[in-house]
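Listed below are the residues making up each chain.
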Amino acid sequence: MDLVLINPGGRGGIYQSLGNELTAIEPPLWCRIIAGYVRDQGYSVTIIDSEADNLAPPAVAQKVHDLAPHLICVVVFGHQPSASTQQMVPAGETCRALKDIAPSIPLLIVGGHVSALPERTLQEEAVDFACKGEGPATVVQLLKALLTPPLQLAGVEGLVWKKDGEEIIVNPSAPLTVDLDKEFHGSAWDLLPMDKYRAHNWQCFGDLNARMPYASIYTSLGCPYKCNFCCINAPFDSNRYRMRDPKKVVEEIDLLYNVYGVKTFKIIDEMFVLNERHVTSICDLLIERDLDLNIWAYARIDTIKPHFLKKLRKAGFRWLALGIESGSEHVRNGAAKTLRSEDIVNIVRQIQMADINVIGNYIFGLPGDDLETMQQTLDLAIDLNCEFGNFYSAMAYPGSPLYLSAIEDGLDLPLKWSGYSQHSYDCKPLSTDNLTAAEILEFRDTAFHHYFEGERYLTMATQKFGWETRKHIEEMSKHRLSREIVEVAKS
């Protein structure tokens, strides 16, 4: 075996009790992309998805030891940009377990967090190499170098390594891949435990038994926007936006539908509803196939075009996730999200009128927030009464402009990478000039229960999805997250 790719797990630490049944378990996109790229170059590869298989680090290490590959690669991208940092704790535990049992096998770590902090990652983690950049080209070039002595590392694009065991060298990153369908096709579904993946609970409101089988695919990489709290472009080192061929996207959906029986899909793109030609081409091709699909995707308020909402719904898009962020126009402007409240309301209503459900994403503790503006955000969420809501506290994720400004201002950041998880015990959001981290986190947790336990929301959910879904939501809301900084602040 030339290469073993590892998707680290750790749902318990990241989500507490929510990880048992409520969260999604998604096929690891970048494991697929790297695996497909490596196989195209003639190397053998396997994937160990420790999240899907619920494997502890020692079990992962034993499997790798038995395979005896030429290279191990731990892939820490997560299922959305901010998830990379929170996965660094289970990734680090996996790396240490690997070095305990197989110290002589070269170990590389890649991912969004790694690309944002490559030198620090190489210093802190039990790895031989780190990667700055997307990863596939670095993996293949490193494999070639390892298999073609004498070992020459200076020419491996994107490689972060130690010269003479001490001096850290960061090689220039590999150029961004242009032809995604040719090089980043990710056709490695046969290497994944396809019977283990499940959708988020909310995506199957009305039919909670439809969460499996499940798959997530991508149609584009990167984002042209520059929201100060977002770290999506850390692996790409630019705001470049690259798209796949719509025909290839739909062929992949068709394969998953007919071979693996998948009807429930996520579009991973941070900004799917952006380029109208791209979106409508995918929709037209899906409509031609007349598949019974339940798809969700991300969108921005200012990129939604009301005239193609019906086409999205006909193609199988039943949910759109919108970054509403704040109920305060002043705070939204500070986060580089220049939207008017009336525009938000109008677009949400138009989406719902097209029979597409809306997930409103809200952030508490953005720069400029105080108790009054956070209350405005909660009031807006209650007024919109979206079919689901995600409530976040503002984090200075590595790779985001907010992280750099927090470092410059000497702000108090989480002591461990697990503190960047929205749902972990040691979660620690960014404080503001007006609020402590504990105040923001307590407000966020209270807002979640206020929203989902409110009679207005429950009545809407009952009317739309039925009594079984209402009971499910009520059970979901019984979960109470333990928070270290809130407990300390109250003691």
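Let us look at the structure shown here.

### With respect to the packing of aromatic side chains
Summed over all chains, the structure comprises 26 aromatic pairs. Considering the side-chain rings of Phe388 and Phe452, the 4.9 Å spacing of their centres and the 50° angle between planes classify their relative orientation as tilted. Within this pair, whereas Phe388 is found in strand 15 (residues 388–393), its partner Phe452 is found in helix 17 (residues 437–452), the two being separated by 64 residues in sequence. By the burial criterion, Phe388 is buried, and Phe452 matches it. Plain terms: the ring middles of Tyr451 and Phe452 are 5.0 Å apart, the flat faces sit at 80° to each other, and that makes the pair edge-to-face. Look at Tyr451 and you get buried, because its relative accessible area is 3%.

### A few points about the pairing of strand 14 (residues 357–364)
Counting buried positions along strand 14 gives 8 out of 8 residues, so the element sits mostly inside the fold. In strand 14, alternate side chains face the same way, and those of Asn357, Ile359, Asn361 and Ile363 on one face and Val358, Gly360, Tyr362 and Phe364 on the other are all buried. Read from strand 14 through helix 15 (residues 371–384) to strand 15, the crossover connection turns out right-handed.

### Here we look at the sheet that holds strand 15
Sheet architecture is open: 6 strands sit in the order 8-11-12-13-14-15, paired in parallel fashion. Both outer strands of the open sheet, strand 8 (214–217) and strand 15, are each paired with one neighbouring strand and no more. Sheet twist, expressed as the average angle between the axes of neighbouring strands with direction ignored, equals 20°. With 4 bridges connecting them, strand 8 and strand 11 (residues 264–267) associate as parallel partners. In the sheet register, Ser216 faces strand 11, and the bridge partner there is Lys266.

### Remarks on the pattern of salt bridges
The full count for this structure, using the stated rule, is 26 salt bridges. Notably, a salt bridge pairs Lys490 with Glu442, separated by 3.0 Å at the nearest N-O pair. Of this pair, Lys490 sits in helix 20 (residues 484–490) while Glu442 sits in helix 17; the two residues are 48 residues apart in sequence, bridging distant segments of the chain. We classify Glu442 as partly exposed; its relative accessible area is 33%.

### Observations concerning the packing of helix 14 (residues 341–353) against helix 15
Interhelical geometry of helix 14 versus helix 15 gives an angle of 30° and a closest axis separation of 11 Å. Considered as vectors, helix 14 and helix 15 are oriented roughly parallel to each other. As helix 14 packs across helix 15, the resulting crossing turns out to be right-handed. In contact with Ile344, Val345, Val348, Arg349 and Gln352 of helix 14, helix 15 contributes Leu380, Asp383 and Leu384. Its residues assigned to classes, the contact of helix 14 with helix 15 shows 5 nonpolar, 1 polar and 2 charged.

### Structural notes on the sheet that holds strand 4 (residues 107–111)
Reading across from one edge, 2-1-3-4-5-6-7 is the order of the 7 strands in this open sheet, with mixed pairing throughout. Across the chains shown, the open sheet's two edge strands, defined by having one partner strand only, are strand 2 (45–49) and strand 7 (167–170). In this sheet, adjacent strand axes meet at a mean angle of 25° when their direction is disregarded. Here helix 2 (residues 29–40) sits on the sheet in contact with strand 1 (3–7), strand 2, strand 3 (71–76) and strand 4, set at roughly 170° to strand 1. Most of the contacts of helix 5 (residues 88–101) go to strand 3, to which it runs at about 165°, and overall it touches strand 1, strand 3 and strand 4.

### Quick word on the side chain of Asp2
Mapped onto the elements of the fold, Asp2 is located in the segment before strand 1. Buried charge without a partner: Asp2 forms no salt bridge, and the closest opposite charge is Arg39, 11 Å away. With near-sequence residues (within four places) excluded, Asp2 lies in contact with Tyr43, Ser44, Pro69, His70, Leu71, Leu143 and Leu147.

### Here's the deal with the side chain of His472
The residue His472 is located in helix 19 (residues 467–476) in this model. With a relative accessible area of 18%, His472 lands in the buried category. Non-local contacts of His472, meaning those with residues more than four positions away in its chain, are made with Leu22, Asn201, Phe205 and Leu208.

### Points about helix 19
Within the span of helix 19, buried status applies to Thr469, Arg470, His472, Ile473 and Met476. When helix 19 is viewed along its axis, its buried side chains cluster within an angular range of 160° and face the same direction. Seen from the buried face of helix 19, the exposed residues on the opposite side, beyond 90 degrees, are Trp467 and Glu468.

Conventions and cut-offs
Residues numbered from 1 in each chain as written. Predicted model: local features only at pLDDT ≥ 70, side-chain atom pairs only at ≥ 80, totals over all residues. Heavy atoms only, no water. Phe/Tyr/Trp six-rings, centres within 6.5 Å; stacked < 30°, edge-to-face > 60°. Helix = DSSP H or I, 4+ residues; strand = E, 2+ residues; numbered from the N terminus. Buried < 20%, exposed > 50% of the residue type's maximum accessible area, 1.4 Å probe, protein only. Right-handed = clockwise from strand over helix to strand, strands pointing away. Pairing = 2+ DSSP bridges. Axes fitted to C-alpha atoms, helices over the stretch in contact; angles between N-to-C directions. Salt bridge = Lys/Arg side-chain N within 4 Å of Asp/Glu carboxyl O. Parallel < 35°, antiparallel > 145°, perpendicular 65-115°, else oblique. Left-handed = near helix turned anticlockwise from the far one by under 90°. Contact = heavy atoms within 4.5 Å. Nonpolar A, V, L, I, M, F, W, Y, C, P; charged D, E, K, R; others polar. Lys, Arg positive; Asp, Glu negative; His and termini not counted. Arc of directions from axis to C-beta.

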